[in-house]
Amino acid sequence: PTDISDPLVNHIFAHFWISFVFYQKFPYSYCIKWNDRELRFARTMIFTVREINRDATLLPGVSLGYRVYNGCGSENLILAAVEAVNGEDSRGCSDKIQALLGHSSSGVSTVSHLSTCACLSDKRQYPTFFRTVPSDRFQIAGLVQLMKYFDWRWVGIIYSPRLYSEEGTADFVKYAKKEGICVEYRLPYSLTSTKKFHIITAMLRESSSKVILMFMPFYYAKSFLAKIEAYNITGKQWVGSESWITQADLASVGTKHIFDIIKAFWEKFFDCSFSPSNTSTLCTGTEDLRTVSSDYTDVAFFREENNVYKAVYLVAYALHALLKCENGSNPTTGKPCVLEHIKYVNFTTVNGAKVFFDENGDSIAQYDLVNWQMKDDGSAEIVNIGQYDTSFPEGEKLKLKKDTKIVWGGNYNEMPRSVCREPCPPGTRKAINKNKPVCCFDCFECPEGTISNQTNSPDCLICPPEFWPNEKRDRCLPKPTEYLSYKEIMGALLTGFGLTGVFLSLLISIIFLTHKETPIVRANNSELSFLLLLSLKLCFLCSLTFIGRPSEWSCMLRHTAFGITFVLCISCVLGKTIVVLMAFRATLPGSNVMKWFGPAQQRLSVLTFTLIQVVICILWLTINPPFPRMNMKYYKEKIILECALGSAVGFWAVLGYIGLLAVLCFILAFLARKLPDSFNEAKLITFSMLIFCAVWIAFIPAYVSSPGKFTVAVEIFAILASSFGLLVCIFVPKCYIIIFRPEQNSKKHLMGKIPPRTL
């Protein structure tokens, strides 16, 4: 609250004259400092005492008196202290002083309206000290919260070499550090030292902080700002630690004659002269006080006077409580003691201000946040932009008015940024640099596979296995899945080749079916030829099961279908090879081997070889079948959808059995390659099996080393290449003869080409 009452205003104006004759005279020195602000404090105290004495309920039958001491200079303070302790002043008045109100400075107070030093809260050193003005520790907490509110993390401090400023600066640095606010520099300002001022100006030009906290009383600040204005230092936001709004420091006046002091004060106050002068107006003695603008006549705010008002009432309420005790004594100690009752005083003034103390003798802290806004005429308008009130819960103590415009340093409308380092954005982590203040941290990009989704994140988080960071590394996105699809070029090409193989196998089957009675088709068991063509169709079709998104059924089907159809195919080729060898042996005199490997035996051999592979596949599917799996080990940024083998032994048993039959077939065909031309199918089988074995021998290292979907592509390629090898080498030459050389498709032609030879 900034307003006490209209009677106080009237009191200040009505009793101005008596203030001139209020002085202290000492035998050794004179120290009279005319200060408008201190004069207002004295007037407020007198006004409050008179108001209390008129109250018949607060102190019935008791009237308060007062003594006012000159607080200028150490000698005056010592004299005042002696009189207060002894209870007798220079006039011979021996009334006992019950409480001492004063001094505005933190160094010499007992019950104070303006002593703010946090050191005075130490009850071990100052057990009798109380104050109605908030302690500096509340002010410092408010300043730190103000810095935090505007996110000013990098500030400079300029302070005066006084107890208030030095301790306040030290406490601010300590509290600011806890909130992550760093101080770039702390420089003392002296009213007389030019060297220190030059150090300050050099630092202001070189520093990167945009906010400067001034921890100094008014007259220091007035001197500093007046000097700094000439240096044209811009881009800084000045933050004051105390109220400088209505203060004006008048020069100290000293003379041997008190009348001259009063005469000089009148001339200075009304800007006139009692002596004729060409430079000033002649004083008449009837000057109007209301025409003068000064701290004494400024009644717009009563911030500090309100503390004086509460301090006087504090003593009155303590006396009121004391008088209620038995015989006027403390019921605990039995001794009269105002101090004991001051500790427990709790009252509300007429203007609604609550007064009580905590265990340190401190009262509630309430601060106005004001903004100096320069007008076009060069004057400053003081605008209240918010309040800091310690009576509110944590997080709600600092409140700024949303509808109030704030003008920043340099008359800018935008809030300045004051940080040593801009916050680390998402996607980076914050690292403390041991050689710099905590605010001057470093930002490092999150490593591969990690993210940070907050500003100034101390650590980067690892994405879950199914996720991968985006480009900015501030979010985890689902990893893209990879598998051989029909829609991509490679999958479409392999699908096309597989369907082409099916079409060619079907076409050859039709050709053979339409010419099934011709010698070239009937030679070497046409039944095995048709069965071989059927198995080749199945081989081409089983390659299609490897394309597409893996599922539980497709994984089991692709490997088992591949194993069984290829064994069926190789079994047919092996049967045809054995037939060639048996047929050649049957041409020898006295040989009857064909009866041991006739059509029934051929069918049985194919069935037996195939059933063995079927048993292997059933065992594989029963014990540990293939299953779909997300492979996240090969690539970090994507997931490979593949079919895990389940049992590696089962997979290699299937391949091994196919390889065993293929090698056996190749050996037999190689032995029969030089048989008579009538049975030259052995040469074709030899070439086809050579291609088959070469493809699957090359498949093994390619399969093991190929990543992702290329593993599947290699397997499909091996299936198609070996199937086309068999189809082309065994059936295309026969189709050529059937279509383009029909004259060679005769029994006579085949029999006529048998040259006489011995084995």
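Residues numbered from 1 in each chain as written. Predicted model: local features only at pLDDT ≥ 70, side-chain atom pairs only at ≥ 80, totals over all residues. Heavy atoms only, no water.

### Some points on the overall build of the chain
Moving on, step 1. From N to C terminus, the chain includes 19 helices and 22 strands.
Moving on, step 2. Out of the 759 residues in the chain, the part that is buried amounts to 45%.
Moving on, step 3. In the chain, the proportion of contacts linking residues at least 24 apart, taken out of those at least 6 apart, comes to 65%. (Helix = DSSP H or I, 4+ residues; strand = E, 2+ residues; numbered from the N terminus. Buried < 20%, exposed > 50% of the residue type's maximum accessible area, 1.4 Å probe, protein only. Contact = heavy atoms within 4.5 Å.)

### Side note on the pairing of strand β22 (residues 639-644)
Moving on, step 1. Across the six residues that make up β22, a large majority, six, are buried.
Moving on, step 2. Bridge count for strand β20 (residues 481-482) against β22 is two bridges, and the pairing is parallel. Of the residues in β22, the one forming a bridge with Glu482 is Ile640.
Moving on, step 3. Relative to β22, strand β21 (residues 627-631) runs antiparallel, the two being bridged by five bridges. Considered in β22, the bridge of Asn631 is made with Ile640. (Pairing = 2+ DSSP bridges.)

### Considerations on the environment of Leu163
Moving on, step 1. Here Leu163 lies in helix α5 (residues 163-178).
Moving on, step 2. Linking Leu163 and Cys117, residues 46 residues apart in sequence, is a C-alpha distance of 7.7 Å.
Moving on, step 3. Residues contacting Leu163, with those up to four places away along its chain left out, are Cys117, Cys119 and Gly168.

### Comments concerning the sheet that holds β20
Moving on, step 1. In space, the three strands of this open sheet follow the order β20-β22-β21, with mixed pairing throughout. Both edges of this open sheet fall to β20 and β21, since each of them pairs with a single strand only.

### Observations regarding the UniProt feature "transmembrane region" (unreviewed entry) in the chain
Moving on, step 1. The UniProt record annotates "transmembrane region" (unreviewed entry) at residues 489-514, 526-548, 560-584, 604-623, 651-672, 684-704 and 716-739.
Moving on, step 2. Helix makes up 100% of residues 604-623 and strand 0%, with an end-to-end C-alpha separation of 28 Å.
Moving on, step 3. Across residues 716-739, helical content stands at 100% and strand content at 0%; the span's end C-alpha atoms are separated by 31 Å. (UniProt positions renumbered as here; feature names shortened; annotations may be inferred.)

### Points about a nonpolar patch on the surface
Moving on, step 1. Taken together, the side chains of Val663, Ile667, Phe670 and Leu671 make up a nonpolar region of the molecular surface, amounting to roughly 370 Å² of accessible area.
Moving on, step 2. Within the secondary structure, Leu671 sits in helix α16 (residues 648-671).
Moving on, step 3. With relative accessibility at 59%, the residue Leu671 sits in the exposed group. (Patch = residues over 30% accessible without salt bridge, like charges linked within 9 Å, V, L, I, M, F, W, Y side chains within 5 Å. Areas by Shrake-Rupley, 256 points an atom, 1.4 Å probe, with all protein chains shown as cover. Salt bridge = Lys/Arg side-chain N within 4 Å of Asp/Glu carboxyl O.)

### Quick word on helix α7 (residues 218-229)
Moving on, step 1. Spanning 12 residues, α7 covers 16 Å between terminal C-alpha atoms, matching the ideal 16 Å at 1.5 Å per step.
Moving on, step 2. Looking at α7, one finds that the buried residues are Phe218, Tyr220, Ala221, Phe224 and Ile228. One face of α7 carries all of its buried residues, which in axial projection span an arc of 155°. Opposite its buried face, α7 presents the exposed residues Ala226 and Glu229, each directed more than 90 degrees away.
Moving on, step 3. On its buried side, α7 packs onto β3 (154-159), α6 (194-206), β5 (211-215) and β6 (237-240). (Expected span 1.5 Å × (residues − 1). Arc of directions from axis to C-beta.)

### Some points on helix α9 (residues 303-324)
Moving on, step 1. With 22 residues, α9 ought to run about 32 Å at 1.5 Å a step, and its terminal C-alpha atoms sit 32 Å apart, in line with that.
Moving on, step 2. Taking burial as the measure, the 22 residues of α9 include 16 buried ones, the bulk of the element.

### Some remarks on the state of the cysteines
Moving on, step 1. One pass over the full model with this rule turns up seven disulfides.
Moving on, step 2. Residue pairing for Cys182: its cysteine sulfur links by disulfide to Cys439, the two sulfurs lying 2.1 Å apart. Around the S-S axis, the bridge from Cys182 to Cys439 shows a dihedral of about 90° and counts as right-handed. Taken together, the residues Cys182 in strand β4 (residues 182-188) and Cys439 in the loop between β14 (428-431) and β15 (442-445) connect sequence positions 257 residues apart. Accessibility assignment for this pair places Cys182 and Cys439 in one class, buried.
Moving on, step 3. Here Cys446 engages in a disulfide with Cys460; their sulfurs sit 2.1 Å apart. (Disulfide = S-S within 2.5 Å.)

### A short note on the packing of aromatic side chains
Moving on, step 1. What the rule picks out here adds up to 27 aromatic pairs.
Moving on, step 2. Geometrically, the ring pair formed by Phe150 and Trp408 is edge-to-face, given 5.1 Å between the ring centres and 85° between the ring planes. One end of the pair, Phe150, is in the loop between α4 (136-149) and β3; the other, Trp408, is in the loop between β13 (398-400) and β14, and 258 residues separate them in sequence.
Moving on, step 3. In this structure Phe150 comes out as buried when scored by relative accessible area, which is 8%.
Moving on, step 4. Under the relative-accessibility criterion, Trp408 is labelled buried at 9%.
Moving on, step 5. A ring pair is formed by Tyr189 and Phe197, whose centres lie 6.2 Å apart and whose planes are at 65°; its orientation type is edge-to-face.
Moving on, step 6. On the basis of relative accessible area, Phe197 is assigned to the buried category, the value being 5%.
Moving on, step 7. Sitting over the face of the ring of Phe197, Lys227 holds its NZ or CZ atom 5.6 Å from the ring centroid.
Moving on, step 8. Above the ring of Phe441, the side-chain terminus of Lys430 is found at 4.6 Å from the ring centroid. (Phe/Tyr/Trp six-rings, centres within 6.5 Å; stacked < 30°, edge-to-face > 60°. Lys NZ or Arg CZ within 6 Å of the ring centre and 35° of its normal.)

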